Amino acid sequence: MAKPNVSKIHGKIQYVNAFPDYKVQVVDAFSDLKVQEVSAFPDRPGKWQIVNAFPNFKIQIVDAFGDFKIQYVNAFPGPT
């Protein structure tokens, strides 16, 4: 399966334990996408606003074999 276009994965994100849109693995290096959690304006690649309902994407955190890898950052989010 090809990796998704991670530059399109931004907006309102809900973390789920089942039935995700994508499974992601959190890493410290060699990520596919650098993610910055924001409280408003998740309008650019890598900017995620965490919500409990009505998400743009549902994400499940996994230890291995995710659809792509993310790294949490405080600045400069986006594809790597």
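Structural data are supplied above this passage.
Residues numbered from 1 in each chain as written. Predicted model: local features only at pLDDT ≥ 70, side-chain atom pairs only at ≥ 80, totals over all residues. Heavy atoms only, no water.

> Would you mind going over the overall build of the protein chain with me for this structure?
Scanning the protein chain from N- to C-terminus turns up zero helices and seven strands. In sequence order, the secondary structure elements of the protein chain are arranged as β-β-β-β-β-β-β. Taking 12 Å as the expected radius of gyration for a compact globule of 80 residues, we find that the protein chain reaches 11 Å, a close match to that expectation. Taken along the three principal axes of its C-alpha coordinates, the protein chain extends 30 × 25 × 20 Å. A burial count over the protein chain gives 41% of its 80 residues as buried. For the protein chain, the exposed area adds up to about 5300 Å²; of that, 52% sits on carbon and sulfur atoms. Seen as two clouds, the 9 positive and the 7 negative side-chain charges of the protein chain have centres 5 Å apart. (Helix = DSSP H or I, 4+ residues; strand = E, 2+ residues; numbered from the N terminus. Rg over C-alpha atoms; globule rule 2.2 N^0.38 Å. Buried < 20%, exposed > 50% of the residue type's maximum accessible area, 1.4 Å probe, protein only. Areas by Shrake-Rupley, 256 points an atom, 1.4 Å probe, with all protein chains shown as cover. Lys, Arg positive; Asp, Glu negative; His and termini not counted. Charge placed at Lys NZ, Arg CZ, Asp CG, Glu CD.)

> How should I be thinking about the pattern of salt bridges in this particular structure?
Note that side chains of opposite charge can pair when their charged atoms are close. Tallying each qualifying case throughout the model produces one salt bridge. Here Asp-32 and Lys-3 are joined by a salt bridge, their closest N and O atoms 3.5 Å apart. Of this pair, Asp-32 sits in the loop between strand E2 (22-26) and strand E3 (33-37) while Lys-3 sits in the segment before strand E1 (11-15), and the two are 29 residues apart along the sequence. (Salt bridge = Lys/Arg side-chain N within 4 Å of Asp/Glu carboxyl O.)

> How do you make sense of the pairing of strand E6 (residues 68-72) when you look at a structure like this?
The side chains of a regular strand alternate, residue by residue, between the two faces of the sheet. For E2 and E6, the ladder comprises three bridges, and the chain directions are parallel. If you follow Val-26 over to E6, its bridge partner there is Ile-70. Examined bridge by bridge, E3 and E6 share three bridges and lie parallel to one another. Considered in E6, the bridge of Leu-33 is made with Ile-70. (Pairing = 2+ DSSP bridges.)

Purely geometric stuff here, so don't read any function into it on its own.
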